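A closer look at the structure
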Amino acid sequence: KNQVEQSPQSLIILEGKNCTLQCNYTVSPFSNLRWYKQDTGRGPVSLTIMTFSENTKSNGRYTATLDADTKQSSLHITASQLSDSASYICVGPPSGNTPLVFGKGTRLSVIA
Amino acid sequence: IAGITQAPTSQILAAGRRMTLRCTQDMRHNAMYWYRQDLGLGLRLIHYSNTAGTTGKGEVPDGYSVSRANTDDFPLTLASAVPSQTSVYFCASSALAGDDADTQYFGPGTRLTVL
């Protein structure tokens with residue numbers, strides 16, 4: 001069964017600091033990996049999608065990396081802001097009758 | 001309407017009652033999905049539909065039913081609610097082709113409490 005595991009479960013950082021969230025996946029065949037951001041009380045929103053041929057992709061202060069050999073992805077947030085406080089969910093491609101495989105997310109809290 | 005909407009925003013329901021959660025999208029997406037999200041478990045797929053007139057079961061379909069009479073609407077029905085169905089329910093939609101294929105767009109969610 002395809003799985004997506006994320007770490008840490010939660011993280012607290014000071015405003016202005018950088019942080020990195022990790023995602024390990026066991027997905028076969030691999031086609032793409034996505035990161036979603038979910039603000040409290042809202043639905044998830046797509047941040048970035050990475051295909052197997054991409055090593056890194058940036059979206060503003062968010063940079064996602066992908067290592068297909070080790071099956072790891074990371075999401076790096078630079079110069080964090082209070083508005084970055086959210087859950088970040090790593091999402092793998094379809095598995096069986098599941099269109100997308102969602103990780104359990106990392107809860108990030110940015111404090112002043 | 002812009003995007004995907006859900007109703008109601010929240011609901012408290014007595015066990016054994018029937019409840020329908022509504023979901024409407026205006027993006028002409030072929031595929032629609034229903035998830036539940038519980039603390040510590042992440043998003044779990046309940047049912048999905050790849051096109052109007054067809055539906056499929058996801059990871060946790062028991063106790064729920066769906067219908068897809070047209071492209072825009074995808075209601076989720078709890079025939080006889082039980083307390084374990086207390087959760088936040090998210091509807092999502094996606095295109096099945098094109099540059100944005102498989103990117104799911106989520107509604108704001110419905111918080112359901114079954115007592």
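Right above here is the structure, for reference.
Scoring rules and cut-offs
- Residues numbered from 1 in each chain as written.
- Chains lettered and ligands numbered in written order.
- Predicted model: local features only at pLDDT ≥ 70, side-chain atom pairs only at ≥ 80, totals over all residues.
- Heavy atoms only, no water.
- Phe/Tyr/Trp six-rings, centres within 6.5 Å; stacked < 30°, edge-to-face > 60°.
- Helix = DSSP H or I, 4+ residues; strand = E, 2+ residues; numbered from the N terminus.
- Buried < 20%, exposed > 50% of the residue type's maximum accessible area, 1.4 Å probe, protein only.
- Lys NZ or Arg CZ within 6 Å of the ring centre and 35° of its normal.
- Core = buried A, V, L, I, M, F, W, Y, C linked by side-chain atoms within 4.5 Å.
- Salt bridge = Lys/Arg side-chain N within 4 Å of Asp/Glu carboxyl O.

Quick notes on the packing of aromatic side chains
For the coordinates displayed, the defined rule picks out nine aromatic pairs over all chains. Seen in terms of ring centroids, Tyr36 of chain A and Phe102 of chain A are 6.2 Å apart; in terms of plane orientation they differ by 50 degrees. Their pairing is tilted. Placement of the pair is Tyr36 of chain A in strand S4 (residues 32–38) and Phe102 of chain A in strand S10 (residues 101–102), with a sequence separation of 66 residues. Among the residues examined, Tyr36 of chain A registers a relative accessible area of 0% and is labelled buried. Ring centres of Phe90 of chain B and Phe106 of chain B lie 6.5 Å apart, and the angle between their planes is 80 degrees; this geometry places the pair in the edge-to-face category. In this pair, Phe90 of chain B is assigned in strand S9 (residues 87–94) and Phe106 of chain B in strand S10 (residues 105–106), connecting sequence segments 16 residues apart. One exposure class covers both Phe90 of chain B and Phe106 of chain B, and it is buried. Taken together through their ring pairs, the aromatic side chains of Tyr36 and Phe102 of chain A together with Tyr33, Tyr35, Phe90 and Phe106 of chain B make up a single cluster. Geometry around Tyr62 of chain A places Arg61 of chain A over its ring, the cationic atom sitting 5.7 Å from the centre. It is Arg68 of chain B that lies over the ring of Phe74 of chain B; its NZ or CZ is 6.0 Å from the centre.

What about the nonpolar core?
Counting residues in hydrophobic clusters, the biggest one holds 22 residues, and the most contacted among them are Leu33, Trp35, Leu75, Tyr88 and Leu108 of chain A. Elements with a minimum of two residues in this core: strand S3 (19–26), S4, strand S5 (45–51), strand S7 (62–67), strand S8 (72–77), strand S9 (86–92) and strand S11 (106–111) of chain A. If one sorts the elements of this core by residue count, S3 of chain A sits on top with four residues. Ranked by size, the runner-up nonpolar core spans 19 residues in total, among them Trp34, Val60, Leu78 and Val114 of chain B.

Some details on unusual backbone geometry
Going from Ser7 of chain A to Pro8 of chain A, the amide bond is cis rather than trans, its omega being -10 degrees. Within the element layout of this structure, Pro8 of chain A appears in the loop between strand S1 (3–7) and strand S2 (10–14). A cis amide bond, omega -5 degrees, links Ala7 of chain B with the succeeding residue Pro8 of chain B. Within the secondary structure, Pro8 of chain B sits in the loop between strand S1 (4–7) and strand S2 (10–13). If you check the backbone angles, Ala79 of chain A has positive phi at about 45 degrees while not being a glycine. Relative to the assigned elements, Ala79 of chain A resides in the loop between S8 and S9. With a relative accessible area of 33%, Ala79 of chain A lands in the partly exposed category.

Looking at the pattern of salt bridges
Tallied over the full model, the rule gives six salt bridges over all chains. For the salt bridge of Asp84 of chain A with Arg61 of chain A, the shortest nitrogen-to-oxygen distance reads 2.8 Å. Note that Asp84 of chain A is positioned in the loop between S8 and S9 and Arg61 of chain A in the loop between strand S6 (56–59) and S7, a separation of 23 residues in sequence. Overall, the relative accessible area of 1% leaves Asp84 of chain A in the buried class. Overall, Arg61 of chain A belongs to the partly exposed group, its relative accessible area being 24%. Salt bridges sharing common partners tie together Arg36, Asp38 and Arg44 of chain B.

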